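Below, each chain spelled out in residue letters.
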Amino acid sequence: MSESPGTHAPTPVPAVRTTPLDAYLGRLAAREPAPGGGAAAAVHAAQGAALVAMVARYSTGPAYAAHAEAIARITTEADDLRERALTLADEDAAAFTAVTDAYRLPKNTPAEKSARSGAIAAALLGAATPPATLLSLTERIISLAEELLPVGNPNVVTDVAAAAEAARAAASTARVNVEVNLGGIKDAEARERLTATLGRTGPLLARAEAVTAEVRNRLRP
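Nothing here was measured: the structure is a model prediction, and the numbers come from that model.

## Thoughts on the overall build of the chain
Consideration 1: Of the regular secondary structure elements, the chain holds 7 helices and 0 strands.
Consideration 2: Going from the N terminus to the C terminus, the chain shows its helices and strands as α-α-α-α-α-α-α.
Consideration 3: For the chain, the C-alpha atoms occupy an extent of roughly 70 × 35 × 30 Å along the three principal directions.
Consideration 4: The buried share among the 221 residues of the chain stands at 42%.
Consideration 5: Approximately 11,400 Å² of the chain is accessible, and the part contributed by carbon and sulfur atoms is 58%.
Consideration 6: Averaging the positions of the 22 positive and the 24 negative side-chain charges in the chain gives two centres separated by 5 Å.

Structure, rendered in structure tokens:
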């Protein structure tokens with residue numbers, strides 16, 4: 001089927017979740033629009049969630065029986081968050097590619113210029129959505145790390161800090177990726193919603209830092 005004048009098919013984006021690590025990093029390093037920082041942020045979050053699940057799985061057995069229910073819940077949620085983060089990595093790569101596609105639309109006539117402007121605004125809103133969602137997801141990862149720290153296996157306590165730091169990197173990067181798209185979003189309600197989401201980032205980063213600080217305190221002789 002041929003394309004309509006002034007349009008072109010969306011650029012296909014290989015899935016992050018099924019790409020081998022070395023190939024993913026090669027694509028990340030390449031001169032191509034996606035995957036980029038947004039997908040990398042989601043991968044950070046996926047790693048944070050995976051580390052939480054790993055610590056939880058090392059925190060089972062008789063010594064942790066008093067917290068078995070909480071540990072099981074943390075494990076299940078962390079696994080779910082990992083999968084959701086990987087989905088967001090793919091959504092972010094696709095959304096950012098849509099932005100570059102929109103900027104490539106023709107602008108030779110007033111009608112084309114108007115269509116292009118609308119497509120860019122819609123694509124920027126789409127590009128801001130995955131990182132905004134990721135901010136909420138990282139909040140859950142950090143909450144699980146906070147809950148797991150006092151009851152988890154002390155032999156893997158540094159991995160709780162690693163999880164918090166991965167989630168912190170994800171949140172900080174996601175914030176920047178929302179901010180870079182915010183200026184081009186024309187929908188006032190969407191801008192207000194995204195701005196409110198951004199306002200939660202500072203306290204979230206502080207909580208992640210507090211988890212790491214507590215772990216480091218435990219390591220002191």
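Next comes the rest of the write-up.
## Points about the nonpolar core
Consideration 1: Judged by nonpolar contacts, the single largest core of 62 residues is most densely connected at Val 52, Leu 134, Leu 137 and Ile 141.
Consideration 2: Sorting the residues of this core by element identifies helix H2 (37-57), helix H3 (68-103), helix H4 (110-148), helix H5 (157-182), helix H6 (188-198) and helix H7 (201-219) as the ones contributing at least two each.
Consideration 3: The contacts of Leu 134, once residues within four sequence positions are left out, are Ala 41, Ala 42, Ala 45, Leu 88, Ala 170 and Ala 174.

## Considerations on unusual backbone geometry
Consideration 1: Ala 34 connects to Pro 35 through a cis peptide bond whose omega is 5°.
Consideration 2: Residue position: Pro 35 is located in the loop between helix H1 (21-29) and H2.

## A look at the pattern of salt bridges
When charged atoms on two side chains of opposite charge get close, those side chains can pair.
Consideration 1: Summed over the entire model, instances satisfying the criterion amount to 16 salt bridges.
Consideration 2: One salt bridge in this structure joins Arg 57 and Asp 79, with 2.5 Å as the shortest N-O distance. On the criterion of sequence distance, the pair formed by Arg 57 in helix H2 and Asp 79 in helix H3 is long-range, its members being 22 residues apart.
Consideration 3: Judged by relative accessible area, which is 46%, Arg 57 ranks as partly exposed.
Consideration 4: The buried category is assigned to Asp 79, whose relative accessible area is 19%.
Consideration 5: Its salt-bridge partner being Arg 218, residue Glu 214 comes within 3.6 Å of it at the nearest N-O pair. Of this pair, Glu 214 and Arg 218 both sit in helix H7, 4 residues apart, which is roughly one turn of that helix.
Consideration 6: Glu 214 gets classed as partly exposed once you look at its relative accessible area, which sits at 33%.
Consideration 7: According to the relative accessible area criterion, Arg 218 is partly exposed, its value standing at 38%.

## Focus: the layout of surface pockets
Consideration 1: The volume enclosed by the largest pocket comes to roughly 250 Å³.
Consideration 2: If you trace the largest pocket, you find it lined by Val 16, Arg 17, Thr 19, Leu 21, Tyr 24, Leu 25, Ala 40, Val 43, His 44, Ala 46, Gln 47 and Leu 86.
Consideration 3: Of all elements in the fold, only H1 and H2 reach the threshold of two or more residues within the lining of the largest pocket.
Consideration 4: With 5 residues, the single largest contributor to the lining of the largest pocket is H2.
Consideration 5: Approximately 170 Å³ is the volume found for the second largest pocket.
Consideration 6: Pro 33, Gly 36, Gly 37, Gly 38, Asp 92, Phe 96, Ala 127, Asn 177, Val 180 and Asn 181 are the residues that line the second largest pocket.
Consideration 7: At the level of secondary structure, the elements contributing two or more residues to the lining of the second largest pocket comprise H2, H3 and H5.

## Describing the packing of H2 against H4
Consideration 1: Put simply, H2 and H4 touch, their axes get as near as 10 Å, and they point 25° apart. Judged by the inter-axis angle, H2 sits roughly parallel to H4. Regarding H2 and H4, the two cross each other, and that crossing is left-handed. Listed contacts from H4 to Ala 41, Ala 42, Ala 45, Gly 48, Ala 49, Val 52, Val 55 and Ala 56 of H2 are Leu 134, Leu 137, Thr 138, Ile 141, Leu 144, Ala 145 and Leu 148.
Consideration 2: Of the residues that constitute the contact of H2 with H4, the class distribution is 13 nonpolar, 2 polar and no charged.

Cut-offs applied
Residues numbered from 1 in each chain as written. Predicted model: local features only at pLDDT ≥ 70, side-chain atom pairs only at ≥ 80, totals over all residues. Heavy atoms only, no water. Helix = DSSP H or I, 4+ residues; strand = E, 2+ residues; numbered from the N terminus. Buried < 20%, exposed > 50% of the residue type's maximum accessible area, 1.4 Å probe, protein only. Areas by Shrake-Rupley, 256 points an atom, 1.4 Å probe, with all protein chains shown as cover. Lys, Arg positive; Asp, Glu negative; His and termini not counted. Charge placed at Lys NZ, Arg CZ, Asp CG, Glu CD. Core = buried A, V, L, I, M, F, W, Y, C linked by side-chain atoms within 4.5 Å. Contact = heavy atoms within 4.5 Å. Salt bridge = Lys/Arg side-chain N within 4 Å of Asp/Glu carboxyl O. 1 Å grid on protein atoms, 1.4 Å probe; cavity = no way out; pocket = protein on both sides within 12 Å on 5 of 7 lines; lining within 4 Å. Points joined across faces, edges and corners; volume = space filled by probe spheres on them. Axes fitted to C-alpha atoms, helices over the stretch in contact; angles between N-to-C directions. Parallel < 35°, antiparallel > 145°, perpendicular 65-115°, else oblique. Left-handed = near helix turned anticlockwise from the far one by under 90°. Nonpolar A, V, L, I, M, F, W, Y, C, P; charged D, E, K, R; others polar.

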